[in-house]
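An overview of the molecular structure
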Amino acid sequence: MDKLLVHGPCKLNGTVKISRAKNAYLPILAAVLLSDKKIHLKNIPELQDIKTMIKLLQNLGVTVTKNGNITTFDASTLNSHEATYDLVKTMRASIFVLGPLLARLKKAKVSLPGGCAIGTRPIDIHLTNLEKMGCVIHLTGGYVEASVPKMKAAHLLLSFPSVGATENLMMAAVFAEGTTTIDNAALEPEIDDLAHFINAMGGNVKGIGTKKIEVTGVKELKEATYEAIGDRIEAATYLMAALATGSDVRIEEVDPAHLEFVTELLKKMGAKIETGANYIKVEKSVLKGCHVDTAPFPGFPTDAQAQLIALCTQVKGSSVISENIFENRFMHVPELIRLGAAITLKGKSAFIEGEAKLSSAPIMCTDLRASAALIIAALCATGTTEIQRVYHLDRGYENLVDKLKTLGANVERIK
Ligand code: EPZ
């Protein structure tokens, strides 16, 4: 298994280009199943999760061709409604094919996503609302077996603004007769991106960016070309790495509005941050501690919580960070303590002492964002830190080692 060696402490410097967003392209790829016309997607990032989703589409019969930075999908050759356990077990987001398959084929058999390192992550909100649209759902042998004689438009009120449920239901409603309203919808920018993609294919989604999304059924879709938004969580990761190492870095090809809560918080902590249409520039800054609760967008993203904890080990004073979205998302803390961080966990909160003198030790990745926190800490630690199980990082960070090297970090990947 590959591992990373990070020689620290090091300063970063220069410009990093952000890839297109994993959490935008995963539902967009699933939405390709809705159309029997050609769909052209630009700059799809080379990530393990994206490769898994594309493999799932191919297993369902979608024809995929690549030409330079454009990948073309032809789902007119769709010939299966089954997403098997083998693929779904490696990536929960496979559940995103449920809505589009039901909308297009009126049936779907999708393996139930098992548990995950960060939490139990049930899909009850997806299923109960699909039933409100007329779907008949059985859970048998670890699979969701669903069918629908005719998808009915409905008024759906989500019990929690779930990202995945909002996206699945939006896709399920694309051909339903009449207008489906999704109330208490999630507001994450990736959801707006999916809605814009559906409209680019000729769908009819309104209320984009609001808690009340309206999807009016259409008869058919058309050929489309689309490029997803920049990855705000990748950008947040480089932003916090720059601040933790006291560096000047420019982060390009991301919309700062998608990170506003994060940059405003960092500014309150003392960070010197300048933003423009599609860049964020940060300068060496002296930071103080913070009190933060993770929350659905536009609040502080749970996917940047681990990276913020790593940063807070280097600021002046103490911090308290509480995780409210997932019940088991502090797996990075024991690993940070191995590097010399002073962190205590109580219930949903982490109490972090600043100005920790981190020093190298062998550490292990446990999930995608926890791994990003370990990278940030290793860049601050004295000595060579060996980071194991880096396959977790491959799921969501494109060309991480090259991008860090471009910024002057001394890192290497050992096969
Ligand atoms: C999406 O997951 C992201 N994944 C996650 O990013 C992100 O952490 C999460 O949204 C929250 O922002 C993708 O977009 C592929 P949710 P999702 O449904 O859709 C509970 C990363 O690091 N819930 O909003 O699974 C659930 O258990 C990943 O890139 C139910 O109880 O998130 C959780 O506690 C990790 N029942 C909370 O809601 C449901 O039916 C939020 O889940 C659905 C969700």
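Residues numbered from 1 in each chain as written. Predicted model: local features only at pLDDT ≥ 70, side-chain atom pairs only at ≥ 80, totals over all residues. Heavy atoms only, no water.

Section: the site of the ligand
Taken together, 21 residues lie around the ligand, and D124, S162, V163, D303 and I325 are the ones closest in. D124 places a polar side-chain atom, nitrogen or oxygen, 2.7 Å from a nitrogen atom of the ligand. Contact between the ligand and V163: an oxygen atom at 2.8 Å from a main-chain N or O atom of the residue. Contact with the protein chains hides 85% of the accessible area of the ligand, taken as 830 Å² for the molecule alone. Those elements that place two or more of their residues in the shell around the ligand are α1 (22–31), α5 (124–132), α6 (163–172) and α12 (368–380). Counted by class, the shell around the ligand contains 10 nonpolar, five polar and six charged residues. (Near = heavy atom within 4 Å. Polar contact = N/O pair within 3.5 Å; in protein donor to acceptor, adjacent residues only side chain to side chain. Areas by Shrake-Rupley, 256 points an atom, 1.4 Å probe, with all protein chains shown as cover. Helix = DSSP H or I, 4+ residues; strand = E, 2+ residues; numbered from the N terminus. Nonpolar A, V, L, I, M, F, W, Y, C, P; charged D, E, K, R; others polar.)

Notes on the sheet that holds strand β16 (residues 272–276)
With mixed pairing, the four strands of this open sheet are ordered in space as β2-β15-β17-β16. Each edge of the open sheet carries a strand with a single partner, namely β2 (13–17) and β16. For this sheet the average axis-to-axis angle between neighbouring strands, irrespective of direction, equals 15°. Across five bridges, β16 lies against strand β17 (residues 279–283) in antiparallel orientation. Pairing of E274 across the sheet is with K281, part of β17. Packed on one face of the sheet, helix α8 (residues 232–244) meets β2, β15 (248–252), β16 and β17 and runs near 15° to β17. (Pairing = 2+ DSSP bridges. Axes fitted to C-alpha atoms, helices over the stretch in contact; angles between N-to-C directions. Contact = heavy atoms within 4.5 Å.)

Some thoughts on the nonpolar core
Among the nonpolar cores identified, the biggest contains 79 residues, and L41, F73, L98 and M170 are the most heavily contacted of them. It is α1 that contributes the most residues to this core, seven residues altogether. If sequence neighbours within four positions are ignored, F73 has contacts with L29, V32, K37, K38, I39, L41, I44, I54, L57, V62, T63 and V64. Ranked by size, the runner-up nonpolar core spans 75 residues in total, among them A306, I352, L358 and V411. (Core = buried A, V, L, I, M, F, W, Y, C linked by side-chain atoms within 4.5 Å. Buried < 20%, exposed > 50% of the residue type's maximum accessible area, 1.4 Å probe, protein only.)

Some details on the packing of α1 against helix α2 (residues 48–59)
Relative to each other, α1 and α2 sit at 0°, their axes nearing to 10 Å. In terms of axis orientation, α1 runs roughly parallel to α2. Along its contact with α1, which presents K22, Y25, L26, L29 and A30, the element α2 presents D49, I50, M53, I54 and L57. Each residue belonging to the contact of α1 with α2 can be placed in one class, and the counts come to eight nonpolar, no polar and two charged. (Parallel < 35°, antiparallel > 145°, perpendicular 65-115°, else oblique.)

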